Amino acid sequence: MSATFGDRLRDRRVSGWLFMLPLIAINVVVVAIPSLLSVWYSFTDWTGISTRAHFIGLDNYAALTRDAEFLNGLLHNLLWTVFFLVVPMTMGLFGAYALTRIRRFRLLFRTLYFIPYVVASVVNASIWRSILDPDTGIGNLLNINPLGDPSLALWSVAFVNNWAWWGFIVVVFLAAMQGINPSLYEAAAVDGAGPARQFFSVTLPGIRPTFAFLGLMTIIWSFLAFDYVYILTQGGPAGSTDLLSTVLYRDAFTNLQAGYASAIGVVMALISAFVVTAYLVVRRVRQWDI
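These figures come from a predicted structure and were not determined experimentally.

Draft legend 1. Structural detail: helix α7 (residues 153–178). Compared with the 38 Å implied by 1.5 Å per residue over 26 residues, the 38 Å span of α7 between its first and last C-alpha is a close match. Counting buried residues in α7 gives 19 out of 26 residues, a clear majority hidden from the surface.

Draft legend 2. Looking closely at the pattern of salt bridges. Considering all chains together, one arrives at 2 salt bridges under this definition. A salt bridge links Asp-242 to Arg-250; the shortest N-O distance between them is 2.7 Å. A relative accessible area of 4% places Asp-242 in the buried class. One connected set of salt bridges, linked through shared partners, spans Glu-69, Asp-242 and Arg-250.

Draft legend 3. Geometry of the side chain of Asn-77. Mapped onto the elements of the fold, Asn-77 is located in helix α3 (residues 68–100). Within polar-contact distance, the side chain of Asn-77 engages the backbone nitrogen of Leu-244 at 2.8 Å. Residues in contact with Asn-77, not counting those within four places in the same chain, are Ser-222, Phe-223, Leu-243 and Leu-244.

Draft legend 4. Summary view of unusual backbone geometry. Cis geometry marks the peptide bond from Gly-236 to Pro-237, where omega comes out at -5 degrees. Tracing the backbone shows Pro-237 in the loop between α11 (227–232) and α12 (244–253). Located in the positive-phi region is Asn-143, a residue other than glycine, with phi close to 60 degrees. Along the chain, Asn-143 falls in the loop between α6 (138–142) and α7.

Draft legend 5. Representation of the packing of aromatic side chains in the model. For the coordinates displayed, the defined rule picks out 24 aromatic pairs. Summarising the aromatic geometry, the rings of Tyr-41 and Trp-46 are spaced 4.1 Å apart at their centres and angled 20 degrees between planes, so their arrangement reads as stacked. Summarising the aromatic geometry, the rings of Phe-43 and Tyr-61 are spaced 5.5 Å apart at their centres and angled 50 degrees between planes, so their arrangement reads as tilted. You can see Phe-43 sitting in the loop between α1 (2–41) and α2 (59–64) and its partner Tyr-61 sitting in helix α2, a full 18 residues away along the chain. Ring pairing ties together the aromatic residues Phe-114, Tyr-117, Trp-165, Phe-168 and Trp-221, which thus form one cluster.

Draft legend 6. Region of the structure containing the environment of Tyr-249. In this fold, Tyr-249 is placed in helix α12. For Tyr-249, a relative accessible area of 30% translates into the label partly exposed. Separated by 15 residues in the primary sequence, Tyr-249 and Ile-264 place their C-alpha atoms 9.8 Å from one another. Sequence-distant contacts of Tyr-249, defined by excluding residues within four places in its chain, comprise Phe-226, Tyr-230 and Thr-254.

Draft legend 7. Examining the nonpolar core more closely. Grouped together as the largest cluster of nonpolar side chains are 39 residues, with contacts concentrated most on Trp-80, Val-157, Ile-169, Phe-173, Met-177 and Ile-207. Elements with a contribution of two residues or more to this core: α3, α5 (121–131), α7, α8 (182–190), α9 (195–206) and α11. Once residues lying within four places of it in the same chain are set aside, the contact partners of Ile-207 are Leu-93, Phe-173, Ala-176, Met-177 and Ile-180. Residues Leu-216, Met-217, Ile-219 and Ile-220 belong to the second largest nonpolar core, which totals 19 residues.

Draft legend 8. Looking closely at the environment of Tyr-41. Mapping Tyr-41 onto the fold places it in helix α1. Sequence spacing of Tyr-41 and His-54 is 13 residues, and the spatial spacing of their C-alpha atoms is 9.0 Å. Residues contacting Tyr-41, with those up to four places away along its chain left out, are Trp-46, Ala-53, Asn-60, Gly-259 and Ser-262.

Draft legend 9. Seen up close, the packing of α3 against α12. Following both chains from N to C, one finds α3 and α12 inclined at 150 degrees, their axes separated by 8 Å at the closest point. Of the possible angle classes, the one that applies to α3 and α12 is roughly antiparallel. Between α3 and α12, the contacting residues are Glu-69, Phe-70, Gly-73, Leu-74 and Asn-77 on the first element and Leu-244, Val-247 and Arg-250 on the second. In terms of residue class, the contact of α3 with α12 is built from 4 nonpolar, 2 polar and 2 charged.

Draft legend 10. Looking closely at the side chain of Thr-44. When you line up the elements, Thr-44 lands in the loop between α1 and α2. There is a polar contact of 2.8 Å between the side chain of Thr-44 and the backbone oxygen of Tyr-41. Only 3.4 Å separates the side chain of Thr-44 from the backbone nitrogen of Trp-46, close enough to count as a polar contact. Apart from the residues lying within four places of it in its own chain, the contact partners of Thr-44 are Ala-53, His-54, Phe-55, Ile-56, Asn-60 and Gly-259.

Reading guide: rules and limits
- Residues numbered from 1 in each chain as written.
- Predicted model: local features only at pLDDT ≥ 70, side-chain atom pairs only at ≥ 80, totals over all residues.
- Heavy atoms only, no water.
- Helix = DSSP H or I, 4+ residues; strand = E, 2+ residues; numbered from the N terminus.
- Expected span 1.5 Å × (residues − 1).
- Buried < 20%, exposed > 50% of the residue type's maximum accessible area, 1.4 Å probe, protein only.
- Salt bridge = Lys/Arg side-chain N within 4 Å of Asp/Glu carboxyl O.
- Polar contact = N/O pair within 3.5 Å; in protein donor to acceptor, adjacent residues only side chain to side chain.
- Contact = heavy atoms within 4.5 Å.
- Phe/Tyr/Trp six-rings, centres within 6.5 Å; stacked < 30°, edge-to-face > 60°.
- Core = buried A, V, L, I, M, F, W, Y, C linked by side-chain atoms within 4.5 Å.
- Axes fitted to C-alpha atoms, helices over the stretch in contact; angles between N-to-C directions.
- Parallel < 35°, antiparallel > 145°, perpendicular 65-115°, else oblique.
- Nonpolar A, V, L, I, M, F, W, Y, C, P; charged D, E, K, R; others polar.

Okay, structure coming up:
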């Protein structure tokens, strides 16, 4: 009997691995192999089109410390990250809390908030480029050039990206808030806590793990941001909206410095790995269950 059960368990495990093999194969081909090749090419002078890549050690990484474009992109990425950790997170937090206070049309508002997120970034960016146009759009009314002024361009692109992003934050926060035990709010109300005190004493502690997770993903996605910047400004004017991703793209496909671009990609991956590791450590110490 035990042998039969063991055989069934072994067959079930084999069947499970057989079902997983196609997914594992796709991940190895699409993710693992290109990632390892990127690390290798970051130590070479590969142009991206030549058949040979010469090993040059850490020269690419040393050059990054002196590259004004790379440092400029890194600074903008840091500013971009701070913006998205503050503005959309705050908007999403209070937007979700506002939705929990209403009973009618909640689904309608949630849908309206989420629509910009599911619309293709190319469509969103094209619409906003027309809206911000200095000749026929808001730029003309305000006598400014939101995407052409180096002092405004980065924040204008961030605004457009935020318009499409914050609805997603609202939906995630709303789901987390709806999972809080209603009796906690009832107990707080009995103790005389108003809506503001309930928000800070019940809601925020109740969604703290979700808040931390969204903060983690925001940091990672901020360093991967590319589409809105490239569509709206392509890193201009004068590099004022350059991010690490646009610098990498330009070095790889315009300057034909694929090895150097690979080094930028490795640095971006290391930053993300550091953030994820820090989050996992904090999660384990705080014993957050997500």
